[in-house]
Amino acid sequence: MSDLTRLTPGVAVLLQGNQALARGALEAGVALAAAYPGNPSSEILESLADSASSAGFHAEWSANEKVALESAAAVSFAGVRGLASMKQNGVNVCLDFIHNLAISGCRGGLVLVTCDDPSGVSSTNEEDARFVARLADLPLIEPATPAQCLALMKYAFELSEAIGQLVVLRSLSRLSHTRAAVTPGALPAGRPRPHWDPADPAQRWATLPVVPRHRVMKQKLQQAGQLMAQAGLNQYQGPERPELVIVASGSSVLYAREAIGLVDAAARVGLLSLAGTWPLPAEILAQRLANAGAVLFAEEIDPFIETEVKAWAAQQGGALAGLSFHGKADGSLPEVGELTPGLVAAALADSLGSPWRSVEAGYLERARATVETLAPVREVGFCPGCPHRASFWAIKQALAVDGRQGIVSGDIGCYTMGHRPTGFQRVNSVHCMGSGLGVASGLGQLKPQGFDQPVVAVVGDSTFYHAGLPALVNARWNQSDYLLIILDNSATAMTGFQPHPGTGLTASGQAGQAVELEKVCQALGLAVEVADPYDLEATQAAIYNAVRQGGLKVLILRRVCALVQGRRGGHPFKMRIDPAKCRGESCGCNRFCSRVFRCPGLYYDEKAGRAAIDEVVCVGCGVCRQICPAGAILAEGEGEAAA
Amino acid sequence: MASSPAVAPAPPPGGGLARLRAEVLDPGLCVACGACLGICPHLIFHDGRVAAPDACGLDSGRCLDLCPQAIAPGPEARRQELAQASDAPWWPELGPVRQAVWARATAADLVGQVQYGGVVSTLAALALELGLVGEMVLTQAGLDGAPEGARVTDRAGVLAAGGSIYAAGAGLMQVNQALASDESHPLGLVGLPCQAWGARALRAHPNYPAARRLQLVIGLFCTLNLDLRRLRAVLDQAGVDQPILRADFPPPPAGVLELTLPGGLRQIPLDDIRPTVLAGCALCPDLSAEAADLSVGAAEGQAGWNTVLVRSAVGEKLWAEALARGLVEIQPLPEETRGHLLGAAQAKRQRGLMAGKERRHV
């Protein structure tokens, strides 16, 4: 990322949606920005962290999203502006605080950015986080372009400050990561000094008494609706009496615009682009739908607007009574997966009864078949040299020897892929951040009832700090019986190597105070052992001994992420296959090294009839030399200190 | 002594690892002889247990072919083949027997230091000294007390491995690993009846020419073998300091397992030990390691002596040399003892064969 304070006001630049959001926060004079990394949101905080020193505010990676939002809310209580950004899962982590914050209200502008991930491209779900606006009566803003990201971020702060309430801004993968021309505005000359007047009854940020404050919360939403209508966030384009109006938000606005062109229906179809979606913009909806014959809703993930508009329209009666509605509910658009211009165009054409298709019949099937013949199969997998591959190998081997059908409760990070072949399918359940420890905590109580399978929880270092710690405290308290394996690769690797409490570095790359895994666990009174996953035999023995002994134990498998190691000068070995030792198909192992171990740096050379190292891909970690029964995998540079 | 074997699921088509798992590993009938280990990375051994973490994807393999616990060819067929191949007198209860005597070692450093009469250690050391074999594979206690195969090349190595702890040690894994090396010298093995049968399968396997290097098998009498982990749990419960240096089943009516520990002797009642017997041992019909070149066991009622059965020409040659050098002294096997031995062997045979039939019919 880069220092966004260096942009010149009035001069257009190409910015990613997330960068535009960050620049908007800078122009709004944000005093504290906090986040937990997670695609597709990470670049917002990264950009702000790179700009924090220049702009003179605080930016941090927080231990989790809830802490991030609480920190942002705190500065709002003190009268300055706060921002918390996260992916959709993070909103769930914050939910308890959000519902109480919505009642207490706030003072300085306070914005929560959720970046939702249609199709779950880099997520474990494709949740629509807009639900939080409906649940907690919070204003919801949905930009469609990077330029809108900048402008609406500034507006969100203003709106928040105007009504004394948290404002939710929703981005999407497609918007957060797309680049477009954005013209930055001016940065503020200064920002107010934070101060919280304890004597001011209006600055008592609490939820009690609930009922009157709940009433105020409702009033704030109503006020927000009025202000958003005045701000002209929502625009209509098209004929005055259209056959159909597309109601769209977010990146679907662009898809809808493109779809109207593709179907050549500009004269028949209007587009109502909604950027302020909650509370429902009733005025413009009433105005534009009254003259339409049908409505097609285009929005990502859930039919949020669609459902609310239909409920609202049912109450209106009159001119809206005869409207026909199309969208996800009637199957015009798919309920799951990301939308595309083609999908919206097809839905539009169907709704209009127009013959249109993006491609000729059977094209997709033919294209798929062709690609299958041309492209090699590529499975989702750990990187070459990834310590997680070695860790799951050791877990697999140790639990197999133990022989009691051990269960592995997984968590969120690169190692989530442990449930796939790359992790030898050794993860038996995975849900959300920290839940692996909680699930293990429950399983670890079943022994007296005859559950004789050993239980292992696997969690990454960053995730451990995020949400694992309370579950471990619970397990210790209630004397649960499981082995916690912390895969410490010294980074929040899956989201882009952000630092975490264990690394001791802050978001700006400055030295913070490291929170050491061992000391945290030892402080709970737990036995802690540390092993290097690259040493397969020692790691297997450590896991085996721990599960045989039973009881709540912690094993830290420590080895820096292979990609991080690559940036630090790489791994020590140059791997090669000894052609005299590799037995090829006569080995009897049926390509054990490439077929089972599955490191991308190791493959079977059909022509040569033996294993081979892909020198472009192999990073030289040396782990694979431990698995060949013939000792045919050689590590040149052996004896040099491993990094 | 062992509990009835678990029900075996219907075997998958073909052979190889999948079938080994279905027939032997998954039902818990593996006795950790080690025949399948050391030839393929899909099978691993740790702490007395064999496991196959991954599917190998092949429909045939030596792992199944060599396993004495596999359903096919079965102990009866194997025994018939041995009877046809052997030119020694055939004892219905004990297999091929050229000589049957009581014996004990004469070397001062063996008396009282190794188990029973010290004959096994004497013969193993002599085989190395004669160059009959260049390496002997024995079973010894590892650093953590778990038995493991050990490759030794001299008398000191043999003495270091003296004594038994009656737990599975997968000694044939070391044989396979030795066979995979670049060495060409003959190998010897000291092993249990299951291992002697595994060794015979190794030597006869058409796709294992290197196994012809295995020239000598000294078999051990065996009535049972123990699951190390279950034994450890029993001993933990009994407050026994581990590791165990040696374990003996003194002849009846002792009714105990006698443990030699760093701190002295300790006896555990047999009733406590029975639950730790490997389930797969119930399938074994062989008391005296019939497939070995010589077999050695404790001499009933004669402390400090061994019963020795000389079976093959190779065994006879080694035995003759031991006698000629005065390394062992012998006395005739008393008729009464011989009767007890035959009875015990016959009883074990019947139990094992019956268990095998039940296994095939489930």
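Quick summary incoming for the structure in this document. (Residues numbered from 1 in each chain as written. Chains lettered and ligands numbered in written order. Predicted model: local features only at pLDDT ≥ 70, side-chain atom pairs only at ≥ 80, totals over all residues. Heavy atoms only, no water.)

Brief notes about the interface of chain B and chain A
Link 1 in the chain: Contacts between chain B and chain A engage 17 residues on the former and 19 residues on the latter.
Link 2 in the chain: Carbon and sulfur atoms supply 54% of the area that chain B and chain A bury against each other, a total of about 1400 Å² over both sides.
Link 3 in the chain: Interface area lost by chain B to chain A is led by Pro 41, His 46 and Arg 229 of chain B, which between them contribute 34%.
Link 4 in the chain: Where chain B touches chain A, the interface holds one salt bridge.
Link 5 in the chain: Linking Lys 396 of chain A and Asp 54 of chain B is a salt bridge whose minimum nitrogen-to-oxygen distance equals 2.6 Å.
Link 6 in the chain: Connecting chain B to chain A are 12 residue pairs in polar contact (both at pLDDT 80 or more).
Link 7 in the chain: Those elements giving two or more residues to the side of chain B that touches chain A turn out to be strand 1 (44-46) and strand 2 (49-51) of chain B.
Link 8 in the chain: Across the side of chain B that touches chain A, the residue classes break down as 10 nonpolar, three polar and four charged. (Contact = heavy atoms within 4.5 Å. Buried area = accessible area lost by both parts, 1.4 Å probe. Salt bridge = Lys/Arg side-chain N within 4 Å of Asp/Glu carboxyl O. Polar contact = N/O pair within 3.5 Å; in protein donor to acceptor, adjacent residues only side chain to side chain. Helix = DSSP H or I, 4+ residues; strand = E, 2+ residues; numbered from the N terminus. Nonpolar A, V, L, I, M, F, W, Y, C, P; charged D, E, K, R; others polar.)

Digging into the packing of aromatic side chains
Each aromatic ring pair is summarised here by two numbers: the centre-to-centre distance and the angle between the ring planes.
Link 1 in the chain: Under the criterion given, the structure shown has nine aromatic pairs over all chains.
Link 2 in the chain: Arranged with centres 6.0 Å apart and planes meeting at 20 degrees, the rings of Phe 297 of chain A and Phe 325 of chain A form a pair that is stacked. Taken together, the residues span a long stretch of sequence, with Phe 297 of chain A in strand 13 (residues 294-298) and Phe 325 of chain A in strand 14 (residues 324-326) at a distance of 28 residues.
Link 3 in the chain: Seen in terms of ring centroids, Trp 393 of chain A and Phe 592 of chain A are 5.5 Å apart; in terms of plane orientation they differ by 75 degrees. Their pairing is edge-to-face. Residue Trp 393 of chain A is found in helix 14 (residues 387-402), and its partner Phe 592 of chain A is found in helix 20 (residues 592-597); the two are separated by 199 residues along the sequence. Comparing Trp 393 of chain A with Phe 592 of chain A, the two get one shared label, buried.
Link 4 in the chain: Feature note: the residues Trp 393, Phe 424, Phe 592 and Phe 597 of chain A constitute an aromatic cluster, connected by ring pairs.
Link 5 in the chain: Cation over ring: Arg 591 of chain A sits above Tyr 604 of chain A, and NZ or CZ is 3.8 Å from the ring centre.
Link 6 in the chain: Across the ring face of Trp 91 of chain B, the terminal group of Arg 338 of chain B is positioned such that the distance to the ring centre comes to 4.4 Å. (Phe/Tyr/Trp six-rings, centres within 6.5 Å; stacked < 30°, edge-to-face > 60°. Buried < 20%, exposed > 50% of the residue type's maximum accessible area, 1.4 Å probe, protein only. Lys NZ or Arg CZ within 6 Å of the ring centre and 35° of its normal.)

A closer look at the sheet that holds strand 13 of chain A
Neighbouring strands of a sheet are bound in pairs by backbone hydrogen bonds; such pairs are parallel or else antiparallel.
All names here are of chain A.
Link 1 in the chain: A sheet is described by the order of its strands in space; here five strands give the open sequence 9-11-10-13-14, paired in mixed fashion. Each edge of the open sheet carries a strand with a single partner, namely strand 9 (235-237) and strand 14. Between one strand axis and the next, the sheet turns by 20 degrees as a mean value, whatever way the strands run.
Link 2 in the chain: Two strands pair when backbone bridges link them, and strand 13 and strand 14 are joined in this way by three bridges, in the parallel orientation. Residue pairing for strand 14: Leu 296 is matched across the bridge by His 326. (Pairing = 2+ DSSP bridges. Axes fitted to C-alpha atoms, helices over the stretch in contact; angles between N-to-C directions.)

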